[in-house]
Amino acid sequence: MKRITLLVAMFVLAAGAAFAHGKERHVMGKVTAMTDSSITVQTKAKDPVTVYTMAETKYEKSRAAASMKDLKVGDRVVIHAEKMGDKLMANEVHFGVVAKTPHQS
Amino acid sequence: MIKWTLLLSIIAAGAAGAAAFGWVTIRRGFSARDNPSALEAFLAKTARNLSIPASERDAKNPFAPTAEVLGEARAHFADHCATCHGNDGSGKTEIGQNLYPKAPDLRQSETQNLTDGQIYYIIHNGIRLTGMPAWGGPGKDDDSWQLVLFIRHLPQMTPQEMKEMEPFNPKSAAERSEEEDEQRFLNEDKSSEMKKKMHH
């Protein structure tokens, strides 16, 4: 049982590493402009990036469910986005102060 | 003589049908992107259900769905199963949606209508030629029975419960590092405010 669990865990972790973020890009920066369907972020690299929102986009403020209305210009934001055509589409938008995530040992 | 001719005709027709099915299957290729045809899905599910012995199918879960058992099973599911099935059991994950067949939505009747014994058997023994591994060793295992209870609970899962599962989801060192970078970035304003206050 332990050997099987270990093998499967190794497969899952290897697969996770191969798949994770294969399509996603993480955009970090300060919000400089917003429309009903887009968020423009000034990234650390100083180049503004516009990410488009969708009905499925999830918003989290300090790890609690939120909405786009809770986000303001000037907020620090981390957006997990996926490229569709020539546009970046937001899957998840995180903002607000967060507590450290407890990790398993 | 007529009976033999009829029998041979039926066998020949069956063999021709099987050969045609095999040819079409091979010509379609073996990409995991496709969905199984209705016929393949029917045959595979029927074979799977027939392969589960009646004594196993009718086996009763030795555990009761207490908060403690469900909590343990929830963490176990998040750690071992959610990579393919998702924390909510929907199967809407990158791996789950790219397997052949795709990971099923465990909340739906296709899974929920199985007996406890059938679900246990599938977790314990896996399903050949799918992405479902055998999680159990020789003999019975408690973890699989507890997971059966959690799978029964999936249709009533709350967003809070799903949130509590996230720390148990497997992550690579690079993902953890990236997550820490993001947390640090989001907390930077708060840290600089605190520094300013201390300075004054």
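About the thresholds
Residues numbered from 1 in each chain as written. Chains lettered and ligands numbered in written order. Predicted model: local features only at pLDDT ≥ 70, side-chain atom pairs only at ≥ 80, totals over all residues. Helix = DSSP H or I, 4+ residues; strand = E, 2+ residues; numbered from the N terminus. Buried ≥ 20, exposed ≤ 12 C-beta atoms within 10 Å, placed from the backbone. Contact = placed C-beta atoms within 7 Å. Core = buried A, V, L, I, M, F, W, Y, C linked by C-beta atoms within 7 Å. Pairing = 2+ DSSP bridges. pLDDT = per-residue confidence, 0-100. Axes fitted to C-alpha atoms, helices over the stretch in contact; angles between N-to-C directions. Parallel < 35°, antiparallel > 145°, perpendicular 65-115°, else oblique. Nonpolar A, V, L, I, M, F, W, Y, C, P; charged D, E, K, R; others polar. Expected span 1.5 Å × (residues − 1).

Lay out the overall build of chain B in plain terms, naming residues and giving numbers.
Looking only at helices and strands, chain B has ten helices and zero strands in total. Mapped in sequence order, the helices and strands of chain B form the string α-α-α-α-α-α-α-α-α-α. Across the 200 residues of chain B, 20% fall into the buried class. When contacts within chain B are restricted to residue pairs at least 6 apart in sequence, those whose partners lie at least 24 apart make up 63%.

Just give me the short version of the overall build of chain A, but keep the residues and values in it.
For chain A, the helix and strand inventory stands at one helix and seven strands. In sequence order, the secondary structure elements of chain A are arranged as α-β-β-β-β-β-β-β. Among the 105 residues that make up chain A, the fraction classed as buried is 18%. Restricting the contact set of chain A to residue pairs at least 6 apart, pairs at least 24 apart contribute 49%.

Report on the environment of Ala99 of chain A, specifying residues and quantitative values.
Among the secondary structure elements, Ala99 of chain A is positioned in the segment after strand E7 (87–95). C-alpha separation for the pair Ala99 of chain A and Arg63 of chain A, spaced 36 residues apart in sequence, amounts to 8.3 Å.

Kindly report on the nonpolar core, identifying the contributing residues and their values.
By size, the foremost hydrophobic cluster in this structure holds 22 residues, and its most contacted members are Phe77, Leu147, Val148, Phe150 and Ile151 of chain B. Looking at this core, the elements with two or more residues in it are helix H4 (67–80), helix H5 (82–85), helix H7 (116–125) and helix H8 (142–153) of chain B. Top element by residues in this core is H8 of chain B. It accounts for six residues. Once you skip the residues sitting within four places of it in the chain, Leu147 of chain B turns out to touch Ala73, His76, Phe77 and Ile123 of chain B. Grouped together as the second largest cluster of nonpolar side chains are 14 residues, Tyr59, Ile79, Leu88 and Ala90 of chain A included.

With reference to specific residues and values, describe the pairing of strand E6 (residues 76–84) of chain A.
All names here are of chain A. As paired elements, strand E1 (residues 24–35) and E6 share seven bridges and run antiparallel to each other. The partner of His26 across the bridge, within E6, is His80. As paired strands, E6 and E7 are joined by eight bridges and run antiparallel to one another. Paired with Lys83 across the bridge in E7 is Leu88.

For the confidence of the model for chain B, give the residues involved together with the corresponding values.
Residue and element names in this part refer to chain B. Looking at chain B as a whole, the pLDDT averages 91, with 94% of positions reaching at least 70. Looking across chain B, the model is least confident in helix H10 (residues 173–199), with a mean pLDDT of 79, and most confident in H7, with 98. For this predicted complex, the interface score ipTM comes out at 0.71, while the overall pTM is 0.70.

Hey, could you go over the confidence of the model for chain A for me, with residue numbers and the actual values?
Across chain A, the average pLDDT comes to 80, with 72% of residues at 70 or higher. Counting interchain partners and residues more than four positions distant, the pLDDT-below-50 stretch residues 4–21 of chain A has 16 contacts.

Please provide a residue-by-residue account of the packing of H4 of chain B against H8 of chain B, values included.
Residues and elements named next belong to chain B. Between H4 and H8, the shortest axis-to-axis distance is 8 Å and the interhelical angle comes to 95 degrees. The orientation of H4 with respect to H8, classified from their angle, is roughly perpendicular. Together, Val69, Leu70, Glu72, Ala73, Arg74, His76 and Phe77 of H4 and Asp143, Gln146, Leu147, Leu149, Phe150 and His153 of H8 make up the contact between the two elements. Taken together, the residues of the contact of H4 with H8 sort by class into seven nonpolar, three polar and three charged.

Tell me about helix H2 (residues 38–51) of chain B, and please be specific about residues and values.
Here H2 of chain B is 14 residues long and its end C-alpha atoms lie 20 Å apart, about the 20 Å a rise of 1.5 Å per residue gives. The buried fraction of H2 of chain B amounts to zero of the 14 residues, a small share that puts the element mostly on the outside.

Break down the pairing of strand E4 (residues 58–61) of chain A for me, citing the residues and quoting the values.
Residues and elements named next belong to chain A. The pairing of E4 with E7 spans four bridges and is classified as parallel. Looking across to E7, one finds that Lys58 is bridged to Glu92. Alignment of E4 against strand E5 (residues 64–66), held across three bridges, turns out to be antiparallel. Along E5, the bridge assignment pairs Glu60 with Ala65. Hairpin connection of E4 to E5: two residues between the antiparallel strands, including Ser62 at a positive phi of 50 degrees.

How would you explain H4 of chain B if you had to name every residue and give the values?
Here H4 of chain B contains 14 residues, and its C-alpha end-to-end distance of 20 Å stays within 8% of the 20 Å for a straight helix at 1.5 Å per residue. Where H4 of chain B is buried, its residues touch H5, H8 and helix H9 (159–165) of chain B.

Tell me about unusual backbone geometry, residues and numbers included.
Omega for the peptide link from Tyr100 of chain B to Pro101 of chain B comes to -5 degrees, which places this bond in the cis form. Tracing the backbone shows Pro101 of chain B in the loop between H5 and helix H6 (109–112). Residues other than glycine seldom take positive phi values, yet Ser62 of chain A does so here, at roughly 50 degrees. Tracing the backbone through its elements, the reader meets Ser62 of chain A in the loop between E4 and E5.

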